[in-house]
Amino acid sequence: MNEEQVILVNEYDEQIGLMPKLEAHEKAVLHRAFSVFVFNNKNELMLQQRALHKYHSPGLWTNTCCSHQRDGESNLQAGIRRLQEEMGFVTPLKETISFIYKAPFDNGLTEHELDHIMVGNYEDAPIINPDEVADWKWMPLEDVKQDIDDNPQLYTAWFKIIFEKFYEHIKIA
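Because the structure is predicted, anything quoted here is derived from the model rather than measured.

Scanning the model with the defined rule gives 6 aromatic pairs in all. Between Phe37 and Phe159, the aromatic rings sit 6.0 Å apart at their centres with planes inclined by 20°, giving stacked as the arrangement. Remark: Phe159 occurs in helix H4 (residues 157-170) and Phe37 occurs in strand E3 (residues 31-39); sequence separation between them is 122 residues. Taken together, the ring pairs connect Phe37, Tyr155, Phe159 and Phe163 into an aromatic cluster. Taking NZ or CZ as reference, Lys137 lies 4.2 Å from the ring centre of Trp61, over its face.

Listed below in structure tokens is the structure:
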């Protein structure tokens with residue numbers, strides 16, 4: 001099977017090419033990505049713990065799901081597809097904001113992404129894909145914010161950036 005391609009973009013989110021995902025992370029090339037935040041009616045966020053065999057950020061807690069858009073796929077289509085693949089359910093999503101971040105990892109790879117944030121609502125337990133997700137939990141938003149402050153080493157780089165800079169934009173209210 002061919003390696004997954006990511007969409008290379010400029011700072012205006014205009015597509016400028018495609019590149020294999022691993023190569024984009026090795027070269028720290030700016031590419032399009034998304035982060036999905038799913039809440040229940042108690043305003044608790046569904047967190048996932050990344051699978052322990054992931055090539056970066058294994059075992060860290062993060063937002064409900066995240067990944068990369070495929071060529072020709074809208075942000076919402078990508079978010080809904082990946083939510084089904086990782087968490088085993090589908091729910092309507094709404095786009096909120098996007099931002100660029102760059103986060104180097106200990107293994108020599110770097111995430112350099114234009115990340116589109118989407119939010120949705122869901123009430124049931126997910127059916128997690130163990131190839132992608134080690135565990136999951138509901139957590140009140142204020143508790144997540146406090147735990148990131150107290151235990152930053154337990155969370156992914158992009159999740160911490162979103163909470164630090166864009167906290168008001170992820171509240172579903």
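Once you've had a look at it, read on.
Moving on to the environment of Gln15. Following the sequence through the fold, Gln15 ends up in strand E2 (residues 15-20). For Gln15 and Leu83, which are 68 residues apart along the polypeptide, the C-alpha to C-alpha distance reads 23 Å. Those residues in contact with Gln15 that sit more than four places away from it in its chain are Ile7, Leu8, Val9, Arg32 and Asp71. Of note is the side chain of Gln15, whose polar atom sits 3.1 Å from the side chain of Asp71.

On inspection of all chains with the given rule, the structure shows 0 disulfides. Distance from the sulfur of Cys66, which forms no disulfide, to the nearest cysteine sulfur (Cys65) is 6.7 Å. Classification of Cys66 by relative accessible area gives buried; the value is 14%.

Among the 12 residues that make up strand E8 (residues 110-121), 11 are buried, leaving the element largely enclosed by the rest of the structure. Pairing analysis gives 9 bridges linking E3 to E8, with the strands arranged parallel. Bridge assignment links Phe34 to a residue of E8, and that residue is His116. Across 10 bridges, strand E7 (residues 93-104) lies against E8 in antiparallel orientation. Following the sheet pairing, Ala103 is matched in E8 by Glu111. What sits between the antiparallel neighbours E7 and E8 is a turn of 5 residues, in which Gly108 has the positive phi angle 90°.

Here the focus is helix H3 (residues 141-150). Among the residues of H3, Leu141, Val144, Asp147 and Ile148 are the ones counted as buried. Viewed end-on, H3 has its buried residues packed into an arc of 120°, placing them on one side of the element.

Our next topic: the nonpolar core. Judged by nonpolar contacts, the single largest core of 24 residues is most densely connected at Phe37, Leu45, Leu47, Val144, Phe159 and Phe163. Mapped by element, the contributors of at least two residues to this core are E3, strand E4 (44-50), E7, E8, H3 and H4. Take this core: its biggest share by element is 6 residues, from H4. With 13 residues, the next largest nonpolar core counts Val36, Cys65, Leu83 and Phe89 among its residues.

What counts, and at which threshold
Residues numbered from 1 in each chain as written. Predicted model: local features only at pLDDT ≥ 70, side-chain atom pairs only at ≥ 80, totals over all residues. Heavy atoms only, no water. Phe/Tyr/Trp six-rings, centres within 6.5 Å; stacked < 30°, edge-to-face > 60°. Helix = DSSP H or I, 4+ residues; strand = E, 2+ residues; numbered from the N terminus. Lys NZ or Arg CZ within 6 Å of the ring centre and 35° of its normal. Contact = heavy atoms within 4.5 Å. Polar contact = N/O pair within 3.5 Å; in protein donor to acceptor, adjacent residues only side chain to side chain. Disulfide = S-S within 2.5 Å. Buried < 20%, exposed > 50% of the residue type's maximum accessible area, 1.4 Å probe, protein only. Pairing = 2+ DSSP bridges. Arc of directions from axis to C-beta. Core = buried A, V, L, I, M, F, W, Y, C linked by side-chain atoms within 4.5 Å.

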